[in-house]
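Letter by letter, the chains look like this.
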Amino acid sequence: MKAMVLAAQAPMESSPLEWRDLPMPEPGPGEVRLRVRACAICRTDLHVIEGDLPRQRLPIVPGHQIVGVVDALGADCRRFAVGQRLGVAWLRHTCGVCDYCRAEKENLCESAQFTGYHHDGGYAEYAIVPEAFAYAIPDSFSDVEATPLLCAGIIGYRALKRSNLPRGGKLALWGFGSSAHVVLQIALHRGCEVFVVTRGEKHVALARRMGAVWAGQQPSDLPAKVDSAILFAPAGELVLPALESLKKGGTLALAGIHMTPIPTMDYQRYVFYERDLRSVTCNTREDGRELLAEAAQIPIRPHTTVYAMSDANRALMDLKSDQISGTGVLAW
């Protein structure tokens, strides 16, 4: 099969992904093989490729927002059938027996493994996934539309839950990439007001078109205090102004898997009055099922830019340089 392969972690500017022929993967017990139709790109892919996340396995096929059709079943597979359309997300394996798994916090499992990081992902013609970690894709989404929901959507959804946003409340989104596009639509559907702080006039304009009551580039221009905030940008220096934007008792959720250092903060100015600071770590499978159900009900329509699978280096460079509105999607 054809695939984009990372042999060594390196800056995206060096086009580190190689277009290769690989052996056809075979599903093991409890696994299904998908004929990949599309796979969205993600900043986590950049962190894997460039070495912000420690190396786990090389060479590796990146990609963890996969939509494809089942074309082969391993032994003991009973949930899905050949020809069914499924999605694959970042979380690929948990032990199922540790304290976290038994407490419905499988996203914190010490033995967790991830798609496109510990195991080959979706920048390829075929991908393997344990059937217990695959998602049925609602018919209301095309292949390309569904891909951003499988990481940007799921992580945004968990971040929204962690932000404690009340119904009808005020939410500030810091950064307006893939996840923020999905969260904005969910928050508006729930009757909330959304404020967006983002770099670049095109992102500001898109946020306004999508229904943000305010969007701008300067944190100091935010016109109101908010109940909740989500920081999507991997920039630690934004934690302080995001905390300062909260009402008393407000919550800031940090949605990135990687972030630059957070500056020293003045307790009285940024944290006092019971402001909460919460991180977001991966997602549970229940988060994914809830997100897909609510997204289909709304329905959410992600903004996407489509690239050929073989053009993954350019797509990821465009992502790194903030040239994509919404989500970049690799498709066959």
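How each quantity is defined
Starting from 1, residues in each chain are numbered consecutively following that chain's sequence as written. Local features are withheld for residues below a pLDDT of 70 in this predicted model, meaning they are given only at 70 or higher, and side-chain atom pairs are given and counted only at 80 or more; totals for whole chains, interfaces and linings count all residues. Calculated side-chain values reflect all of the structure's heavy atoms, with hydrogen atoms and water omitted. Aromatic pairing here means that ring centres of Phe, Tyr or Trp (its six-membered ring) are within 6.5 Å. Orientation follows from the plane angle: under 30 degrees is stacked, over 60 is edge-to-face, and everything else is tilted. Here a helix means four or more residues in a row that DSSP labels H or I, a strand means two or more in a row labelled E, and each is numbered from the N terminus. Note on classification: 1.4 Å probe, protein chains only; a residue is buried when its accessible area is under 20% of the maximum for its type, exposed when over 50%, partly exposed between these limits. The contact criterion used throughout is that any non-hydrogen atoms of two residues lie within 4.5 Å. Within this scheme a cavity is a closed region of a 1 Å grid, computed over the protein atoms alone, that accommodates a 1.4 Å probe without allowing it to escape, whereas a pocket is open but has protein on both sides within 12 Å along at least five of seven lines; lining residues each have an atom within 4 Å of a point. Grid points are joined across faces, edges and corners, and a volume is the space filled by probe spheres set on the points. Gly counts as polar in this scheme, as do all residues outside two lists: the nonpolar Ala, Val, Leu, Ile, Met, Phe, Trp, Tyr, Cys and Pro, and the charged Asp, Glu, Lys and Arg. Only strands joined by at least two bridges in the DSSP assignment are considered to pair. Interaxial angles span 0 to 180 degrees and are taken between N-to-C directions of axes, which are lines fitted to C-alpha atoms, for helices over the stretch in contact. A carboxyl oxygen of Asp or Glu within 4 Å of a side-chain nitrogen of Lys or Arg is what we treat as a salt bridge. Roughly parallel covers angles under 35 degrees, roughly antiparallel covers those over 145, roughly perpendicular covers 65 to 115, and oblique covers all other angles. We call a pair of cysteine sulfur atoms a disulfide whenever their separation is within 2.5 Å. Note on terminology: a nonpolar core comprises buried Ala, Val, Leu, Ile, Met, Phe, Trp, Tyr and Cys residues joined through side-chain atoms within 4.5 Å.

Caption draft 1: Structural view of the packing of aromatic side chains. Per the stated rule, a full pass over the model turns up 5 aromatic pairs. When the centroid spacing of 4.8 Å and the interplanar angle of 10 degrees are considered together, the rings of Trp90 and Phe114 count as stacked. Placement of the pair is Trp90 in the loop between β5 (85-88) and β6 (91-93) and Phe114 in strand β7 (residues 113-114), with a sequence separation of 24 residues. For the pair formed by Trp90 and Phe114, the shared burial category is buried. Relative to Tyr117, the ring of Trp90 has its centre 5.7 Å away and its plane inclined at 20 degrees; by these criteria the two rings are stacked. Of this pair, Trp90 sits in the loop between β5 and β6 while Tyr117 sits in the loop between β7 and β8 (126-130); the two residues are 27 residues apart in sequence, bridging distant segments of the chain.

Caption draft 2: Region of the structure containing helix α4 (residues 152-162). Across the 11 residues that make up α4, a large majority, 9, are buried. Elements that come into contact with the buried residues of α4 comprise β9 (134-136), β10 (170-174), α5 (178-189), β13 (226-231), β14 (246-254) and α9 (285-297). Immediately beyond the C-terminal end of α4, within one or two residues, lies Asn164, with a positive phi of roughly 60 degrees.

Caption draft 3: Main features of empty space enclosed by the protein. Applying the stated criterion across every chain, the model contains 1 cavity of 30 Å³ or more. Within this model, the largest cavity holds a volume of roughly 40 Å³. Together, Leu6, Gln9, Val48, Pro54, Arg55, Gln56, Arg57, Leu58, Ile60 and Tyr117 line the largest cavity. Residue composition of the lining of the largest cavity, by class: 6 nonpolar, 2 polar and 2 charged.

Caption draft 4: A look at helix α10 (residues 312-320). Burial in α10 covers these residues: Ala312, Asn313, Ala315, Leu316, Asp318 and Leu319. At the exit of α10 stands Asp322, carrying a positive phi of roughly 65 degrees.

Caption draft 5: Looking closely at the sheet that holds β10. With respect to topology, 6 strands assemble into an open sheet ordered β12-β11-β10-β13-β14-β15, the strand pairing being parallel. What marks the edges here is a single partner per strand, and that holds for β12 (214-216) and β15 (276-279). Here the strands of the sheet are splayed against their neighbours by 15 degrees on average, with no regard to which way each runs. Along the sheet, α5 contacts β10, β11 (193-197) and β13; its crossing angle with β10, the most-contacted strand, is approximately 175 degrees.

Caption draft 6: Representation of the pattern of salt bridges within the structure. Scanning the model with the defined rule gives 25 salt bridges in all. Here Arg20 ties to Glu18 by a salt bridge, and the two come within 2.8 Å at their closest N and O atoms. Here Lys170 makes a salt bridge to Glu193, at a shortest N to O gap of 3.3 Å. You can see Lys170 sitting in strand β10 and its partner Glu193 sitting in strand β11, a full 23 residues away along the chain. With relative accessibility at 24%, the residue Lys170 sits in the partly exposed group.

Caption draft 7: Seen up close, the pairing of β5. The two faces of β5 match: Arg85 and Gly87 on one face and Leu86 and Val88 on the other face are all buried. Across 4 bridges, strand β4 (residues 66-73) lies against β5 in antiparallel orientation. Counterpart to Ile66 in the pairing with β5 is Val88. Pairing analysis gives 3 bridges linking β5 to β9, with the strands arranged antiparallel. By the bridge assignment, Leu86 is partnered in β9 with Ala136.

Caption draft 8: Summary view of the packing of α4 against α9. For the pair α4 and α9, the least separation of the axes is 9 Å and the interaxial angle reads 100 degrees. With respect to each other, α4 and α9 are oriented roughly perpendicular. On α9, the residues touching Gly153, Ile154, Tyr157, Arg158 and Lys161 of α4 are Asp287, Gly288, Glu290, Leu291 and Glu294. Of the residues assigned to the contact of α4 with α9, the class counts are 3 nonpolar, 2 polar and 5 charged.

Caption draft 9: Looking closely at the state of the cysteines. In this structure the tally under the stated criterion is 0 disulfides. Not engaged in a disulfide, the cysteine Cys98 finds its nearest cysteine sulfur in Cys95; these two sulfurs lie 3.6 Å apart. Not part of a disulfide, Cys101 finds its nearest cysteine sulfur in Cys98, a span of 3.6 Å. Looking at Cys101, the relative accessible area reads 14%, which means it is buried.

Caption draft 10: Layout of the nonpolar core. With 40 residues, the main nonpolar core has Leu173, Val196, Ile230 and Leu291 as its most contacted residues. Put simply, the parts of the chain that give this core at least two residues each are α4, β10, α5, β11, α6 (201-209) and α9. Sequence-distant contacts of Ile230, that is, excluding residues within four places in its chain, are made with Ala159, Leu160, Ser163, Leu171, Ala172, Leu173, Trp174, Val183, Leu252, Ala253 and Ala255. Core analysis: the next-biggest nonpolar cluster, separate from the first, contains 36 residues, Ala3, Ile41, Tyr123 and Tyr307 among them.

By themselves, these are just geometric observations and shouldn't be taken as functional.
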